[in-house]
Amino acid sequence: MRLRNIPGADDAILNSEYCIKNPEEQKGHWQDCFNKVQPLHIEIGMGKGRFIMDMAALHPDINYIGIERYSSVLLRALQKMEQNPLPNIKFICMDAADVAGVFAKDEVDRIYLNFSDPWPKDRHAKRRLTSTHFFEHYDHILAPDGRVMFKTDNRPLFDFSLEQVPEAGWTLENYTYDLHHSEYNEGNIMTEYEAKFSALGTPINRLVAYRTKK
């Protein structure tokens, strides 16, 4: 994916009160970043922030952290926050591979993965956010009863993900190949991509996974 570099994006992130500059320093102390101690939900690869900001507005009793690797994309979320500030959300500009170095054991209650990069070449499978490699990272930070929720329009990626969950030692709580026409759509909040693909009639796949009890 080629992204247009936006001049000044890095400086805007550095100077924004909504973006955590040295996230590794907050490991184990993320609640200190918020006004209230509440369950912590994170979205990895949040894009322009529509989903996580809508979630934060609807659920003021939950603290949210949005993670986005690309500064030019994160800048759009920061601009939205400036127009409509929310006290229960913060952003991090970082690579998803670093999550275990930023969050402590059991510190996160839910992980959202929405329309992640499919990395279609087989040699890049390890980079997919629903690979067993990444489920190992999630195992380090997710609370015992936590959930990973994944949505995508990409059927090959979804089929891959369905196989990876049990291989990683996790359990599928539920899944659907057509979220918007299923029982699981109630309360669903759409992302930018989801709204676009849904309008075109593209089915949205979704799964929810949790750790297998040992």
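Cut-off values and rules
- Residues numbered from 1 in each chain as written.
- Predicted model: local features only at pLDDT ≥ 70, side-chain atom pairs only at ≥ 80, totals over all residues.
- Heavy atoms only, no water.
- Helix = DSSP H or I, 4+ residues; strand = E, 2+ residues; numbered from the N terminus.
- Buried < 20%, exposed > 50% of the residue type's maximum accessible area, 1.4 Å probe, protein only.
- Contact = heavy atoms within 4.5 Å.
- 1 Å grid on protein atoms, 1.4 Å probe; cavity = no way out; pocket = protein on both sides within 12 Å on 5 of 7 lines; lining within 4 Å.
- Points joined across faces, edges and corners; volume = space filled by probe spheres on them.
- Nonpolar A, V, L, I, M, F, W, Y, C, P; charged D, E, K, R; others polar.
- Phe/Tyr/Trp six-rings, centres within 6.5 Å; stacked < 30°, edge-to-face > 60°.
- Expected span 1.5 Å × (residues − 1).

Draft legend 1. Quick look at the side chain of Asn 114. The topology assignment puts Asn 114 in strand E4 (residues 108-114). In this structure Asn 114 comes out as buried when scored by relative accessible area, which is 6%. Setting aside residues no more than four positions away along its own chain, Asn 114 makes contact with Glu 43, Gly 45, Phe 51, Lys 151 and Thr 191.

Draft legend 2. Quick look at the layout of surface pockets. Estimated volume of the second largest pocket: approximately 290 Å³. Together, 18 residues line the second largest pocket, and Met 55, Tyr 112, Met 149, Gly 187 and Arg 206 are the ones closest to its centre. Of all the secondary-structure elements, those providing two or more residues to the lining of the second largest pocket are helix H2 (50-58), E4 and strand E5 (142-152). Looking at side-chain class alone, the lining of the second largest pocket contains nine nonpolar, five polar and four charged residues.

Draft legend 3. Looking closely at the environment of Gly 8. Considering the arrangement of structural elements, one finds Gly 8 in the segment before helix H1 (9-15). Placed 13 residues apart in sequence, Gly 8 and Lys 21 show a C-alpha to C-alpha distance of 16 Å.

Draft legend 4. Broad picture of H2. Every buried residue of H2 is listed here: Phe 51, Ile 52, Met 53, Met 55 and Ala 56. Buried-residue contacts for H2 involve strand E1 (40-44), strand E2 (63-68), helix H3 (71-83), strand E3 (89-93), E4 and E5.

Draft legend 5. Layout of the packing of aromatic side chains. As enumerated under the stated definition, the model contains eleven aromatic pairs in all. Ring plane angle 55 degrees and centroid distance 5.0 Å describe the contact between Phe 135 and Trp 170, whose orientation is recorded as tilted. Pair noted here: Phe 135 is in helix H4 (residues 132-141) and Trp 170 is in strand E6 (residues 170-176), with a separation of 35 residues, a long-range link. Trp 170 sits in the buried class, given a relative accessible area of 4%. Residues Phe 150 and Phe 158 carry aromatic rings whose centres are separated by 6.4 Å and whose planes lie at 20 degrees to one another, so their mutual orientation is stacked.

Draft legend 6. View of H3. The terminal C-alpha atoms of H3, which comprises 13 residues, lie 19 Å apart, in line with the 18 Å expected from a rise of 1.5 Å per residue. Listing the buried residues of H3 in full gives Ser 71, Ser 72, Val 73, Leu 74, Leu 75, Ala 77, Leu 78 and Met 81. Where the residues of H3 are buried, they touch H1, H2, E2 and E3.

Limitation: the analysis is restricted to geometry and does not speak to function.
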